[in-house]
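Fold and geometry: a report
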Protein chains: 2
Amino acid sequence: MAASASVASSAGWQRWLPSLPILDWGRRYNRETFTGDAVAALIVTIMLIPQSLAYALLAGLPPEVGLYASVAPLLLYALFGSSRVLAVGPVAVVSLMTAAAVGEHAAPGSAAYWPVALTLAFLSGAMLLAMGLLRLGFIANFLSHPVISGFISASGLLIAASQLKTLMGVKAEGHNFVDLLWSLANQAPQTQGLTLAVGVLTTAFLFWVRKGLKPLLTGWGLGPRLADIVTKAGPVAAIAVTTALSWRLGWHEQGMKIVGAIPQGLPPLTLPSWDLALWRELAMPALLISVVGFVESVSVGQTLAAKRRQRIEPDQELVALGASNLGASFTGGFPVTGGFARSVVNFDAGAQTPAAGVYTAFGILLATLLLTPALFYLPQATLAATIIVAVLSLVDFGILKRTWVYSKPDFAAVAATLLATLAVGVESGLLVGVGVSLALYLWRTSRPHIASVGLVPGTEHFRNVLRHAVRTSPALVSLRVDESLYFANARSLEDRVNDAVAAQPELRHLVLQCSAINDIDASALESLEAIEHRLGDAGIALHLSEVKGPVMDRLKETDFLRRLSGQVFLTHYQAVAALTPEMLGAAELAGPPTPSRPA
Amino acid sequence: MAASASVASSAGWQRWLPSLPILDWGRRYNRETFTGDAVAALIVTIMLIPQSLAYALLAGLPPEVGLYASVAPLLLYALFGSSRVLAVGPVAVVSLMTAAAVGEHAAPGSAAYWPVALTLAFLSGAMLLAMGLLRLGFIANFLSHPVISGFISASGLLIAASQLKTLMGVKAEGHNFVDLLWSLANQAPQTQGLTLAVGVLTTAFLFWVRKGLKPLLTGWGLGPRLADIVTKAGPVAAIAVTTALSWRLGWHEQGMKIVGAIPQGLPPLTLPSWDLALWRELAMPALLISVVGFVESVSVGQTLAAKRRQRIEPDQELVALGASNLGASFTGGFPVTGGFARSVVNFDAGAQTPAAGVYTAFGILLATLLLTPALFYLPQATLAATIIVAVLSLVDFGILKRTWVYSKPDFAAVAATLLATLAVGVESGLLVGVGVSLALYLWRTSRPHIASVGLVPGTEHFRNVLRHAVRTSPALVSLRVDESLYFANARSLEDRVNDAVAAQPELRHLVLQCSAINDIDASALESLEAIEHRLGDAGIALHLSEVKGPVMDRLKETDFLRRLSGQVFLTHYQAVAALTPEMLGAAELAGPPTPSRPA
């Protein structure tokens, strides 16, 4: 009781403060958890180095920025994050969105570009933090699965297309699929043979590692988990081999683009721009990046937490991701979030606590201090190949077929998001997707299923008169509304009642069966009053049946119920029994009922 | 059967054509209906003349434009309208919205002003017609009652404030309440004593006619209906008296503004502007005017139709109002819609068919040909007084109290609409209102009521464990979701399940009671799959109970149901009986249950 009392009191002002999960897991830290974390960190570091470089290039930034974005954010996430195994850092889709947003304000490669990216990370971090502190995480719920799915698939295609230019050794521009392909087609004659050969071979190798290496390794007797981890090192092998060849054979002298000089040293201290006009223009992209990053991060976090019967706090995750992005903006990074592949690797390799993220951050820090000279000769085409192989696994057109079979509105949302993202760009794609899915939801709830029901003879059940052989009476209409009543559908109930009245001249009673109505808002209440009033003018009484408790509680306070010409019945059967008892008698006397709709 | 077959076939392409209700009522026209229509038309004409002049001035247009807008639109409505008694023409709120929209593009009184108003009527007419032909009338449903109510009240205040300048004989500007009052306060020293005196006295007279005259007349032995109609002639009396005084006493020579010369003759043939840039800028105001006009018109039409057990077709009304506004744009008018007061008068005076509208149009036509010279000396302050008295009856702050008591989200929508309309203007007010009410609806449905339920001992009923003394089992959790599952609330179900799993270490079965779920969209299906997957990882089986027929039909096609670790039970009691029979046994053995939540 004492504990629960203290919980209750802490639910006051303290619930508005972010918690520090590190105080929980840090207290129980021991040698065993250290070993698990350290091994996982080593593997994740090896995986993260090429990814960081590649995603920085994808975002239009120098490769070292990717490493910078993989230090402070990881430390801050370890401090605030509620997931034990989430690995944050640069990810493909967010990097693409960064490129699209920053590209509006500065040319990639120009001196003005990086500060805009820092500002984007700052705004995104501030928004995530604010959403977390204000408990606004539910905003992310308005990105539906079909929209996310269509968006991720389209982004995967966009990213792959954007990397083709590096694979071909040409320049190409465009933030949508059509522009990109058109630009590539124009540039095709300038294709660099050597770059293309290295790029294509690396891509083929990486695909083989994904699909063919694991069976081979398990065939050789390796455990499946170890085999899995070895295959994740494929990109590192590709980088090592192509860098060595590039150095020995002097590929850069033959026109191949290499990574070149990466500044050695700690991540720099940086500041975002304080230009409010820039903030205003970056606000929408920052919001979209925040929401997409949060959704991606939370879904992988939840999936992994559930495997160990742990759970994550979405609002706490907002705080942690906010802190990570603020950290990125002050240490030379760009927008980051929790990545799917690396978190799974972290989990599989045995990470026990967020300390694994701290060790990973130190691993990356070592790389920025020591490893960067070794990456001088790394061909950019190798990085492009690792990106292409990684993002093509995101592309899933199966969602189109699945939603087509299951739900046409969801199919429409996927298709609209996919097309808008490919045809216009990432931001428009997301906004179109959210708009279409909300509009379709509202449209669906605005036309509720309202069934005219009749009595199934010999029972107390009522069923749709159009589907079942049921008893009705010319003096009574029973309508069952299969939706909560609110402003968008209140008038369609009025229409339906008007129709019923106009169709049945002998009508004396109209009963609304309210069993599926979870709420009645003020508009619907006024519609009910209007219905009651109009029915009264026509000499018809309005009755209700099977009203839910909470709905009844609120109706009791209203004039509507006080003035109601009819009654409120506990069950629909009681209503019919009281109002048109002849209907029950007839049903008992009648033989087998004739179907109400002759075939 | 033959009749229903022809109905079914006409439901094909013919339902895309507007119908001509005149073919129905025209066929049965006779002397009796003619008498009713003619009497009603006479009374409505007398009422409509001052209103038309006044609302044209309110819209910033010359007074005769109000008369022009009361001819062709009435004829076209009579041809297409489905209401027998709706009287269309200029109305207060639409005139205010016209002034706000046109004022953005031309100065009131300038030569450029009228063509913009014609274009607005044209666009609004085209939109209404398109919405009618495409069966898009449901769009109007997204204006909730609270939003309309707040908007109409705020508009009433705005209109009254805008007329104060005419009452005071000064110039004042502003499309929102604050600007208007500020401007009036600044102009107060220039107030014209005579104008103010006439205005205030007329206003007082008209208020007395509304409140005090009817009891007096019935006291003198007049029938209540006749007394009602006589009181509606109050504005005409005020106009006659003040015009006569103004003429005899030469008020205009003492600086009072009079209506002045009104061109005599038929409504002119006019064309809207074909400037696409102007169209683009007028598109949003035209849409808002269309929707507001449609909502106002349909609600009065439905109320009056119901009194005679008739009904109106909302989509047909869209066509009719569209035609009326197109007619207005080609005959020198401005946006019109069905008016509340004049339709009630038309109904009460005994109008039987839309032919009454035709006769009213001819009455107005006669007025434009013959009456206009008699209105030369009519003080503008008299017209302002008629407007003020008419619109203050629209102001209803009671809605604030009613929604506060009944539903806080609805209160928020009313308050936001009221404040935004007063503080910013009519368009912003409406858009804010729609935005707020949709956001609150989505917010509410995004946090569904999910109750953990337990067995009421000795019954087969399950109730919320927080509210009732019920039996539960550490091995089983029963969750009842009181909302359809869709993308915005799917994740909150995931959260709730995660909480339940984390709280009960001995959990083996989780049963979702689906009795209130009317739909499961693709996002919610994926959430269910994720839940199933995570529960599976934790060794917990997911079961469903009481799934509705249509929902089950769609689930049957999915992998989710094929792979479901648990079962689907017809009733929740069957689920508990099969999964944790010890719970039922314990209930039977136990004494009176201890409340699950000690007080």
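Residues numbered from 1 in each chain as written. Chains lettered and ligands numbered in written order. Predicted model: local features only at pLDDT ≥ 70, side-chain atom pairs only at ≥ 80, totals over all residues. Heavy atoms only, no water.

A look at the pattern of salt bridges
- Overall, the coordinates contain 16 salt bridges over all chains when judged by the stated rule.
- Between Asp315(A) and Arg135(A) there is a salt bridge whose closest N-O contact spans 3.9 Å. With Asp315(A) in helix H14 (residues 314-330) and Arg135(A) in the loop between helix H7 (113-133) and helix H8 (145-168), this residue pair connects regions lying 180 residues apart in the sequence.
- According to the relative accessible area criterion, Arg135(A) is partly exposed, its value standing at 25%.
- Close ionic contact of Arg402(B) with Asp396(B) constitutes a salt bridge, the shortest N to O distance being 3.1 Å.
- By relative accessible area, which is 45% here, Arg402(B) ends up partly exposed.
- The structure contains a network of salt bridges with shared partners spanning Arg444(A), Asp519(B) and Arg554(B). (Salt bridge = Lys/Arg side-chain N within 4 Å of Asp/Glu carboxyl O. Helix = DSSP H or I, 4+ residues; strand = E, 2+ residues; numbered from the N terminus. Buried < 20%, exposed > 50% of the residue type's maximum accessible area, 1.4 Å probe, protein only.)

Re the sheet that holds strand S5 (residues 476-481) of chain B
Residue and element names in this part refer to chain B.
- Pairing within the open sheet is mixed, and its six strands lie in the order S4-S3-S5-S6-S7-S8. Of all the strands in the sheet, just strand S4 (462-464) and strand S8 (568-569) have a single pairing partner and so form its edges.
- Sheet analysis places S5 next to strand S6 (residues 509-513), joined by five bridges and oriented parallel. From the neighbouring strand, Ser478 faces S6, where its bridge partner is Val511.
- Across the face of the sheet, helix H21 (residues 487-503) comes into contact with strand S3 (450-455), S5 and S6 while running at roughly 45° to S3.
- Across the face of the sheet, helix H25 (residues 572-579) comes into contact with S3, S4, S5, S6, strand S7 (541-545) and S8 while running at roughly 170° to S6. (Pairing = 2+ DSSP bridges. Contact = heavy atoms within 4.5 Å. Axes fitted to C-alpha atoms, helices over the stretch in contact; angles between N-to-C directions.)

Section: the pairing of S7(B)
Residues and elements named next belong to chain B.
- Across the five residues of S7, five count as buried, placing the element largely inside the fold.
- Across the two faces of S7 the burial is the same, with Ala541, His543 and Ser545 and Leu542 and Leu544 all buried.
- In terms of strand pairing, S6 meets S7 through five bridges, oriented parallel. Bridge pairing in S7 links Val511 to His543.

Brief notes about the relation of the copies chain B and chain A
- Between chain B and chain A, which share one sequence, the superposing operator has a rotation angle of 180° and an axial displacement of 0.0 Å; the RMSD is 0.0 Å. Here the symmetry operator amounts to a two-fold rotation axis. Rotation axis and chain B: the residue whose C-alpha lies nearest the axis is Ala516(B), separated from it by 3.0 Å. (Least-squares fit on C-alpha atoms with pLDDT ≥ 70 in both.)

What to know about the packing of aromatic side chains
- Taken as a whole, this structure holds 25 aromatic pairs over all chains when the rule is applied.
- Among the aromatic residues, ring-to-ring pairing joins Tyr441(A), Tyr486(A), Phe487(A), Tyr441(B), Tyr486(B) and Phe487(B) into one connected group.
- In this structure, Arg554(B) packs its charged tip against the face of Tyr406(A), placed 4.5 Å from the ring centre. (Phe/Tyr/Trp six-rings, centres within 6.5 Å; stacked < 30°, edge-to-face > 60°. Lys NZ or Arg CZ within 6 Å of the ring centre and 35° of its normal.)

Some words on the interface of chain B and chain A
- Each side of the interface is counted separately: chain B has 66 residues, and chain A has 66 residues.
- Counting each side, the surface lost to burial between chain B and chain A is near 6,100 Å², with a carbon and sulfur contribution of 53%.
- Counting every contact that joins chain B to chain A gives two salt bridges.
- Between Asp519(A) and Arg444(B) there is a salt bridge, with its nearest N and O atoms 3.2 Å apart.
- On the surface where chain B and chain A come into contact, there are 15 residue pairs in polar contact (both at pLDDT 80 or more).
- Residue assignment for the side of chain B that touches chain A shows that the elements contributing at least two residues are helix H8 (145-168), helix H13 (276-307), helix H18 (398-406), helix H20 (426-446), H21, helix H22 (522-537) and helix H23 (549-555) of chain B.
- Per-class residue counts for the side of chain B that touches chain A are 28 nonpolar, 19 polar and 19 charged. (Buried area = accessible area lost by both parts, 1.4 Å probe. Polar contact = N/O pair within 3.5 Å; in protein donor to acceptor, adjacent residues only side chain to side chain. Nonpolar A, V, L, I, M, F, W, Y, C, P; charged D, E, K, R; others polar.)

Here's the deal with the sheet that holds strand S5 (residues 476-481) of chain A
Residue and element names in this part refer to chain A.
- The mixed open sheet is built from six strands, whose spatial order is S4-S3-S5-S6-S7-S8. With partners counted over all chains shown, the strands left at the sheet margins are strand S4 (462-464) and strand S8 (568-569), one partner each.
- Sheet strands in contact with helix H22 (residues 522-537) are strand S6 (509-513) and strand S7 (541-545), and its direction is about 140° off that of S7.
- Sheet strands touched by helix H25 (residues 572-579): strand S3 (450-455), S4, S5, S6, S7 and S8. Its angle to S6, the strand with the most contacts, is close to 170°.

Here's the deal with the packing of helix H6 (residues 92-103) of chain A against H8(A)
All names here are of chain A.
- The interhelical angle for the contact between H6 and H8, taken along N-to-C directions, is 70°, at an axis separation of 10 Å. What the angle tells us is that H6 and H8 run roughly perpendicular. Once H6 is placed against H8, the crossing between them reads as left-handed. Contacts from Ala92, Val93, Leu96 and Met97 in H6 reach Phe151, Ile152, Ser155, Leu158 and Ile159 in H8.
- Tallied by class, the residues present in the contact of H6 with H8 amount to eight nonpolar, one polar and no charged. (Parallel < 35°, antiparallel > 145°, perpendicular 65-115°, else oblique. Left-handed = near helix turned anticlockwise from the far one by under 90°.)

Observations concerning helix H6 (residues 92-103) of chain B
Residues and elements named next belong to chain B.
- Helix length check: H6, at 12 residues, gives a terminal C-alpha distance of 16 Å against a target of 16 Å (1.5 Å per residue), a fit within 8%.
- Most of H6 sits inside the fold, with 11 of its 12 residues counted as buried.
- Residues of H6 that are buried: Ala92, Val93, Val94, Ser95, Leu96, Met97, Thr98, Ala99, Ala100, Ala101 and Val102. (Expected span 1.5 Å × (residues − 1).)

Topic: H8(A)
- Taking 1.5 Å as the rise per residue, H8(A) with 24 residues should run 34 Å; its terminal C-alpha atoms sit 35 Å apart, in good agreement.
- Note on H8(A): the residue one or two positions beyond its end, Gly169(A), has a positive phi of about 70°.

Some points on unusual backbone geometry
- The residue Arg135(A) is not glycine, and still its phi comes out positive at about 55°.
- Within the chain, Glu546(B) stands out as a residue other than glycine whose phi angle is a positive 55°.
- Here Glu546(B) lies in the loop between S7 and H23.
- Assessed through its relative accessible area of 25%, Glu546(B) is described here as partly exposed.

Quick word on a nonpolar patch on the surface
- Among the surface-exposed residues, Phe205(A), Trp208(A), Leu216(A) and Trp220(A) lie close enough to one another that they form a single nonpolar patch of about 450 Å² accessible area.
- Structurally, Trp220(A) can be placed in the loop between helix H10 (193-219) and helix H11 (224-232). (Patch = residues over 30% accessible without salt bridge, like charges linked within 9 Å, V, L, I, M, F, W, Y side chains within 5 Å. Areas by Shrake-Rupley, 256 points an atom, 1.4 Å probe, with all protein chains shown as cover.)

With respect to the side chain of Thr386(B)
All names here are of chain B.
- If you trace the backbone, Thr386 turns up in helix H17 (residues 380-392).
- Within the structure, Thr386 has its side chain in polar contact with the backbone oxygen of Leu383 (distance 2.6 Å).
- With sequence-adjacent residues up to four places away left out, Thr386 is seen in contact with Ala54, Leu206 and Pro235.

Details of the environment of Ala305(A)
All names here are of chain A.
- Examined against the element boundaries, Ala305 turns out to sit in helix H13 (residues 276-307).
- Under the relative-accessibility criterion, Ala305 is labelled buried at 5%.
- The spatial distance from the C-alpha of Ala305 to the C-alpha of Leu86 is 9.2 Å, given a sequence separation of 219 residues.
- Once residues lying within four places of it in the same chain are set aside, the contact partners of Ala305 are Gln310, Arg311 and Ile312.

Some details on the packing of H6(B) against H13(B)
All names here are of chain B.
- Where H6 contacts H13, the axes come no closer than 10 Å and their chain directions differ by 175°. When the interaxial angle is binned, H6 and H13 end up roughly antiparallel. Residues Val93, Val94, Met97, Thr98 and Ala101 of H6 form the contact with H13, whose participating residues are Leu282, Pro285, Leu288, Ile289, Val292, Gly293 and Glu296.

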